[in-house]
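Chain by chain, the residues:
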Amino acid sequence: MKKPWLTTIFLSFVTCAALSGCTSAENESESDKQLSVVTSFYPMYEFTRQVAGDRADVSLMVSAGEDAHHYEPSAKDVTTVNEADVFVYSSEEMEHWVDSLFNTIENDNLVIARTADGVDSTEGSEHDHHEDGEEPQTTGSITIQGVAAHYHTGDAIELTAELEEEVEFDHWHWYTRKSADEEWVTVPEVGGPEFKYEATEESFEVQAVLFDNEHNIYAQSEPVKVMIDNHGNDHTHGDSHEDEHYHEHGNSDNTEPIEIVGLADHYHTGDVVTLVADLKEEADFTNWRWYVRGSQDEEWEAVSGQETDHFEFKTTGESFEVRAALLDNEENIYAQSEPVSVMIDDHENHDPHIWLDPVLAQAQVNVIRDALIEADPEGKAIYEENAKAFNEELQALNEEYENALEGAENRVFVVQHQAFGYLAERYHLEQVAIGGLSTEVEPSPSRIAEIGNLVKEYDVPVIYYQQGASSAIAETVAEETGTETAVLYDLEVLSEELQEKDLGYLDAMRENLEALQLSIQ
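Residues numbered from 1 in each chain as written. Predicted model: local features only at pLDDT ≥ 70, side-chain atom pairs only at ≥ 80, totals over all residues. Heavy atoms only, no water.

Peer 1: Tell me about the overall build of the chain, and please be specific about residues and values.
Peer 2: Summing up its helical and strand segments, the chain has 12 helices and 24 strands in all. Looking at the chain as a whole, 50% of its 521 residues are labelled buried. Taking the contacts inside the chain whose residues are at least 6 apart along the sequence as the reference set, 67% of them involve residues at least 24 apart. (Helix = DSSP H or I, 4+ residues; strand = E, 2+ residues; numbered from the N terminus. Buried < 20%, exposed > 50% of the residue type's maximum accessible area, 1.4 Å probe, protein only. Contact = heavy atoms within 4.5 Å.)

Following this line, the structure appears as structure tokens:
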């Protein structure tokens, strides 16, 4: 027979052991719990995974095929960030939607890593032809001739840059800006001393710059003001008769739907928007009209000179809507499209593609490292070691670029979309963009002729397209201009190509280097 006091001691021991076991399990569960990190888009996801290793659960908000610029977080995304420990993004210039996200979440303990904070905001803008914000040393003087007292929107502005002395080089660039407070923006497809430009809706400044054979600035003009004065007339995109015609028939019942093809996710100021109106059924009419408006509160205005199913329009800096209409033989609207929005995004004069510079990418990695340490101090040694190892790989990549591109005589490369300014700045290259060129819509003969002139001017062997194999349209442009096509990854999205080839950041950047060497020789 057991004594009562022995029974009491035994039960107490069992109870303590059980409680001790529960406490140990809880502590073990807490220690094994991974840090929860949400990243905005692909490069931030890749960099964070490299730094976090197995110590954090890293997720990606902008999934494959989605556009990081115009992405809108879902309710599920908001919930995920609310439950996360760390949120990693690049900048508001890239992820425009982060401000609204931050206003929505209720997570006081969230550590936010804005990786652009690790980079000097003035470094590497492909729009600024004055390095480090300083005026370059020049040896020549340029004057701009032919400026009228004022212009109307749509007028042809024709100017000439005159150099005081004769030189052996003829490498010109023209730049515009709205005011002295803004950065200079390169004018595409204008590469000689003659400047031909369609007057915009607002006054602006223009400047001519001449480069020597080493791509250093040899001479530049003083900024010249181009005054736009429409005398209070708001109808600046086409003639008023066309505008009235649209309103007369704009509410007609149409039986044939029209789809607008070729719209890009966004354009830059000065890009040429190329679209096609696709009529789903055959019709005997060929009388097309294109209309634009600044917003839903404004009236539609006809665009003069656009009377085919192709629409080519040089942007002026403001987003707008466009629609197409097909008229019958009595000038009534037979069919019309739904309005589509043409988004102009100059990234607020900042190039957001920081991650394409392997040196600046290291600064982004360091910001991520510090954020992870703040959220998880016990993992400091791991995060520091991982960040150091990945930055060494990035530095090796940088040295590969330097060695491969060093001494090249031709340092110009032509791209479809202006995304490689940081990379060009780092390795002393010159990026020339064929703004607005769509791989869905075959350009008109006049547009191909413009591209052909650019190809001849820069002796371009390759035209680069982003994120994927060249389309049939790309091949058409290449055939017409006597060039090849190649891919450059801007890494804005986790594309199908990256996934199919199982390419990480370093792999894709090395493929970019290989492709660039087709031009940079």
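After presenting the structure, the write-up continues.
Peer 1: So what's going on with the packing of helix α7 (residues 380-405) against helix α12 (residues 505-516)? Residues and values would help.
Peer 2: Where α7 contacts α12, the axes come no closer than 11 Å and their chain directions differ by 5°. By the criterion of interaxial angle, the relationship of α7 to α12 is roughly parallel. For the pair α7 and α12, contact is made by F390, E393, L394, L397, E400, Y401, A404 and L405 and by Y505, L506, M509, R510, N512, L513 and L516, respectively. A per-class count over the contact of α7 with α12 returns 11 nonpolar, one polar and three charged. (Axes fitted to C-alpha atoms, helices over the stretch in contact; angles between N-to-C directions. Parallel < 35°, antiparallel > 145°, perpendicular 65-115°, else oblique. Nonpolar A, V, L, I, M, F, W, Y, C, P; charged D, E, K, R; others polar.)

Peer 1: Kindly report on helix α3 (residues 75-82), identifying the contributing residues and their values.
Peer 2: Count 3.6 residues to each turn of an α-helix, and residues three or four apart come out pointing the same way. When α3 is considered as a whole, its buried residues turn out to be D77, V78 and V81. Taken end-on, α3 shows its buried residues confined to a sector of 100°, consistent with a single buried face. When the buried face of α3 is taken as reference, the exposed residues oriented beyond 90 degrees from it are A75 and K76. Contacts from the buried residues of α3 go to β1 (35-39), β3 (86-89) and α4 (98-104). (Arc of directions from axis to C-beta.)

Peer 1: Can you tell me about the sheet that holds strand β24 (residues 484-488), naming the residues and giving the values?
Peer 2: Strand order in this open sheet of four strands is β22-β21-β23-β24, and the pairing throughout is parallel. Single-partner strands in this sheet number two, and they are β22 (430-433) and β24. On average, each strand axis in the sheet is tilted by 40° relative to the strand beside it, whichever way the strands run. Direction of pairing for strand β23 (residues 462-466) relative to β24: parallel, over a ladder of five bridges. Paired with Q466 across the two strands is L488, which belongs to β24. (Pairing = 2+ DSSP bridges.)

Peer 1: Go over unusual backbone geometry, please, and point to the residues and values.
Peer 2: Where the residue is not glycine, phi is negative for most of them; where a peptide bond is considered, it is trans in most cases. One non-glycine residue, E331, adopts positive backbone phi at about 65°. Along the chain, E331 falls in the loop between β18 (320-327) and β19 (333-336). For H428, which is not a glycine, the phi torsion comes out positive at approximately 60°. Along the chain, H428 falls in the loop between α8 (421-426) and β22.

Peer 1: A description of the pattern of salt bridges should follow, citing residues and the corresponding values.
Peer 2: Enumeration over the complete set of coordinates arrives at 15 salt bridges. Residue R114 is joined to E93 by a salt bridge in which the shortest nitrogen-to-oxygen separation is 3.8 Å. In this pair, R114 is assigned in strand β4 (residues 111-114) and E93 in the loop between β3 and α4, connecting sequence segments 21 residues apart. For R114, a relative accessible area of 21% corresponds to the partly exposed category. A salt bridge links K388 to E392; the shortest N-O distance between them is 2.8 Å. (Salt bridge = Lys/Arg side-chain N within 4 Å of Asp/Glu carboxyl O.)

Peer 1: Break down the sheet that holds strand β14 (residues 272-279) for me, citing the residues and quoting the values.
Peer 2: Pairing between sheet strands relies on hydrogen bonds along the backbone, with the strands arranged either parallel or antiparallel. A sheet is described by the order of its strands in space; here three strands give the open sequence β13-β14-β17, paired in antiparallel fashion. Edge strands, defined here as strands with exactly one partner in the open sheet, are β13 (258-261) and β17 (310-314). Shown here is a sheet whose adjacent strand axes are inclined to one another by a mean of 25°, direction ignored. Pairing of β14 with β17, which is carried by five bridges, proceeds in the antiparallel orientation. Each residue of the ladder has a partner; that of L275, found in β17, is F311.

Peer 1: I'd like a rundown of helix α9 (residues 445-458), residues and numbers included.
Peer 2: Taking 1.5 Å of rise per residue, 14 residues should cover 20 Å, and α9 covers 20 Å from first to last C-alpha, within 8% of that figure. Turning to α9, its buried residues number three or more, namely R447, I448, I451, G452, L454, V455 and Y458. For α9, the arc enclosing every buried residue in end-on projection is 160°, short of the 170-degree limit, so these residues lie on one face. Opposite the buried face of α9, by more than 90 degrees, sit the exposed residues P445, N453 and K456. Looking one or two residues past α9, D459 carries a phi angle of roughly 50°, positive in sign. (Expected span 1.5 Å × (residues − 1).)

Peer 1: How would you summarise the environment of G191 if you had to cite specific residues and measurements?
Peer 2: Along the chain, G191 turns up in the loop between β8 (185-186) and β9 (194-198). Accessibility expressed as a relative area gives 13% for G191, which makes it buried. A C-alpha to C-alpha distance of 5.5 Å links G191 and H173, two positions 18 residues apart in sequence. When residues no more than four places from it in sequence are discounted, the contact partners of G191 are D170, W172 and E457.

Peer 1: Help me get a handle on the environment of V322, residues and values and all.
Peer 2: Position of V322 among the secondary structure elements: in strand β18. The exposure class of V322 is buried, given its relative accessible area of 0%. Placed 27 residues apart in sequence, V322 and S295 show a C-alpha to C-alpha distance of 9.9 Å. V322 has contacts with I260, L275, W290, Y291, V292, W300, F311, E338, P339, V340 and V342, leaving out every residue within four places of it along the chain.

Peer 1: Could you give me a rundown of the confidence of the model for the chain, with the residues and numbers involved?
Peer 2: Residues at a pLDDT of 70 or more form 80% of the chain, whose mean pLDDT is 80. For the stretch residues 5-11, pLDDT sits under 50, and the model shows one contact to residues farther than four places along the chain or on other chains. (pLDDT = per-residue confidence, 0-100.)

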